[in-house]
Amino acid sequence: MAAAAGTLRSLARCSQLMVAGHFPGPPRRALHASVPAAAQVTVRDALNQALDEELERDEKVFLLGEEVAQYDGAYKISRGLWKKYGDKRIIDTPISEMGFTGIAVGAAMAGLRPICEFMTFNFSMQAIDQIINSAAKTYYMSAGLVPVPIVFRGPNGASAGVAAQHSQCFASWYGHCPGLKVVSPWNSEDAKGLLKSAIRDDNPVVMLENELMYGVPFEMSEEALSKDFVVPIGKAKVEKQGTHLTLVAHSRLVGHCMEAAAVLVKDGVECEVINLRTIRPLDIDTVEASVVKTNHLVTVEGGWPQFGVGAEICARIMEGPAFNHLDAPVVRVTGADVPMPYAKTLEENCLPQVKDIILAVKKTLNI
C-alpha cells in the first residue's frame, strides 16, 4: 500500500511540474491545413446550383419553359426551385415554343433576365425566328439602346433512341448567327460556370447542354462550388497537355477525346485535348497555340460535317499563322451526314466513337 501511495504522489507531483512549465509534457500534434477534397457533383446538380444561386442573387432572373415548375423540370434541372421561388420566378408554360420564347424575349427587352428552357433544342426550331430575328438582332437594330439579356438553354445533340427529329446538334446553326453567344459545356464545372456567366451577360446566350451528361458526376473544387465561381465565355480550356497532336472538341465528345488520349498514351502518343466550352465567340487563339506546339490537329464533334464547328476551325487555322506549323492536313471526326437512324446499332455508327478518334489520330500521325 505504501509503495502504491508513493507512486500516486510521484505522478501528482509530475503533473504539477508540467502545469507550472518546469519540464515539457508530451509533444503536441501540429495542425496542418489540408487541401479540401473535391466533391462529386453531377452535371444536373451543377446546373441546379447555378440556377438557384443566380435566382437568389438577382430578382430580375426568372425561369420559364415546359414542366420547369411543379414537375421540377423534364430532366429535374429545376428541382426544388418552384417551391423556393414561387410562380412568378419559375413559370410553367404551354407546349408552344414560339409563344413562350416570344414572351421571354419581350421580358428581356423590358429589363428582366429570363432563362428560357427548351425540353430539347430540336424544339427551338419552332421559335428560331424569335431567337435569331428578335433576340440576336435587336441590340444592333436599336443602335445599342435595347439589350436583350436572355439565356436559351436545354439539351442539344443526340440522346439515345430518339431518331432523326430529336437528335440534331445546333452548335453550328446558332454559332453561325452574329448577335448570339453560344456555349457548350462538358463537365459539371463547365455547366455551372458557363450558366452563371450566361445569366449575367447582357447579350442573348444559347447554352447547348447534353442529355446524356446530366447524370454523370465530376469532381468540383471548393472554388467551383462557391457562389462567386464563373467560367468566362469565349475561353477554351486545355483539359490535357500533350506534344504530338491536338484534339479539339466540345460537349460530350470532350470525354471521348480524353478516353482516346488515355488509350493512345500506351502507344507513346501524347495528345493535347482542348475543351472549346464556347462555340461563339470561338477561342481560336488557344487552338492555334496548341497546333504550333503539336503540329497536328483533329477536330471532333457530334454534328453533321458540312459547315460544322470542325469546318470552321479548319478554315480559321488555314487562314491564320498556325497553318505553317502543320505537318499534316487537319482531320475532322463528325457525325454521319445522314438523318439519325432509330436503330441502336445504326445510331452508334452515325456518332463519333472513341475508336474513330483513335483511328483519326493514327491516320494523321501516319502510324
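Residues numbered from 1 in each chain as written. Predicted model: local features only at pLDDT ≥ 70, side-chain atom pairs only at ≥ 80, totals over all residues. Heavy atoms only, no water.

Caption draft 1: Fine view of the overall build of the chain. Per the secondary structure count, the chain includes 14 helices and 14 strands. Relative to its full complement of 367 residues, the chain shows a buried share of 50%. By element, 57% of the accessible surface of the chain is carried by carbon and sulfur atoms, the whole surface being about 18000 Å². (Helix = DSSP H or I, 4+ residues; strand = E, 2+ residues; numbered from the N terminus. Buried < 20%, exposed > 50% of the residue type's maximum accessible area, 1.4 Å probe, protein only. Areas by Shrake-Rupley, 256 points an atom, 1.4 Å probe, with all protein chains shown as cover.)

Caption draft 2: Looking closely at the confidence of the model for the chain. For the chain, mean pLDDT is 92; residues scoring 70 or higher make up 90% of the total. The model gives residues 1-35 a pLDDT under 50, and that stretch makes six contacts with residues more than four places away or in other chains. (pLDDT = per-residue confidence, 0-100. Contact = heavy atoms within 4.5 Å.)

Caption draft 3: Fine view of the pairing of strand β13 (residues 297-300). On β13, burial covers both faces: L297 and T299 on one face and V298 and V300 on the other are all buried. Here strand β10 (residues 245-249) pairs with β13 via four bridges, running parallel. Opposite T246, over in β13, you have L297 as the bridge partner. Bridge analysis of β13 against strand β14 (residues 331-333) gives three bridges, and the strand direction is parallel. Following the sheet pairing, V298 is matched in β14 by V331. Considered for its hand, the β-α-β crossover made up of β13, helix α12 (residues 309-319) and β14 is right-handed. (Pairing = 2+ DSSP bridges. Right-handed = clockwise from strand over helix to strand, strands pointing away.)

Caption draft 4: Local environment of the state of the cysteines. By the definition in use, this model includes zero disulfides. Just so you know, C257 is unpaired, no disulfide at all, and the nearest cysteine sulfur is the one on C271, 8.6 Å from it. Of the residues examined, C271 reaches a relative accessible area of 0% and is grouped as buried. (Disulfide = S-S within 2.5 Å.)

Caption draft 5: Representation of the packing of helix α11 (residues 284-294) against α12 in the model. At a closest axis distance of 11 Å, the pairing of α11 and α12 adopts a crossing angle of 65°. Viewed along their axes, α11 and α12 form a crossing whose handedness is right-handed. Side by side, α11 and α12 meet where I284, V287, E288 and V291 of the first sit next to I313, R316 and I317 of the second. Tallied by class, the residues present in the contact of α11 with α12 amount to five nonpolar, no polar and two charged. (Axes fitted to C-alpha atoms, helices over the stretch in contact; angles between N-to-C directions. Left-handed = near helix turned anticlockwise from the far one by under 90°. Nonpolar A, V, L, I, M, F, W, Y, C, P; charged D, E, K, R; others polar.)

Caption draft 6: Expanded view of the nonpolar core. Core analysis: the largest hydrophobic core is formed by 56 residues, its most contacted members being L247, V300 and V361. Excluding its chain neighbours within four sequence positions, the residues that come into contact with L247 are C257, C271, E272, V273, I274, V298, V300, I357 and V361. (Core = buried A, V, L, I, M, F, W, Y, C linked by side-chain atoms within 4.5 Å.)

Caption draft 7: Representation of the sheet that holds strand β2 (residues 61-65). Across the sheet, which stays open at both edges, the seven strands sit in the order β3-β2-β4-β5-β7-β6-β12 with mixed pairing between neighbours. Edge positions in the open sheet fall to β3 (90-92) and β12 (278-280), since each of these has one partner strand only. Adjacent strand axes in the sheet meet at a mean angle of 20° when their direction is disregarded. Summarising the sheet, strand β4 (residues 113-117) and strand β5 (residues 151-155) pair through three bridges and their orientation is parallel. Pairing of I115 across the sheet is with V151, part of β5. This element, helix α2 (residues 43-57), spans β2, β3, β4 and β7 (205-209) of the sheet and lies at about 130° to β2.

Caption draft 8: Highlighting the sheet that holds β13. Spatially, five strands are ordered β9-β11-β10-β13-β14 in an open sheet, and the strand pairing comes out mixed. The sheet terminates laterally at β9 (237-240) and β14, the two strands that pair on one side only. With strand direction ignored, the average angle separating the axes of adjacent strands in the sheet is 25°.

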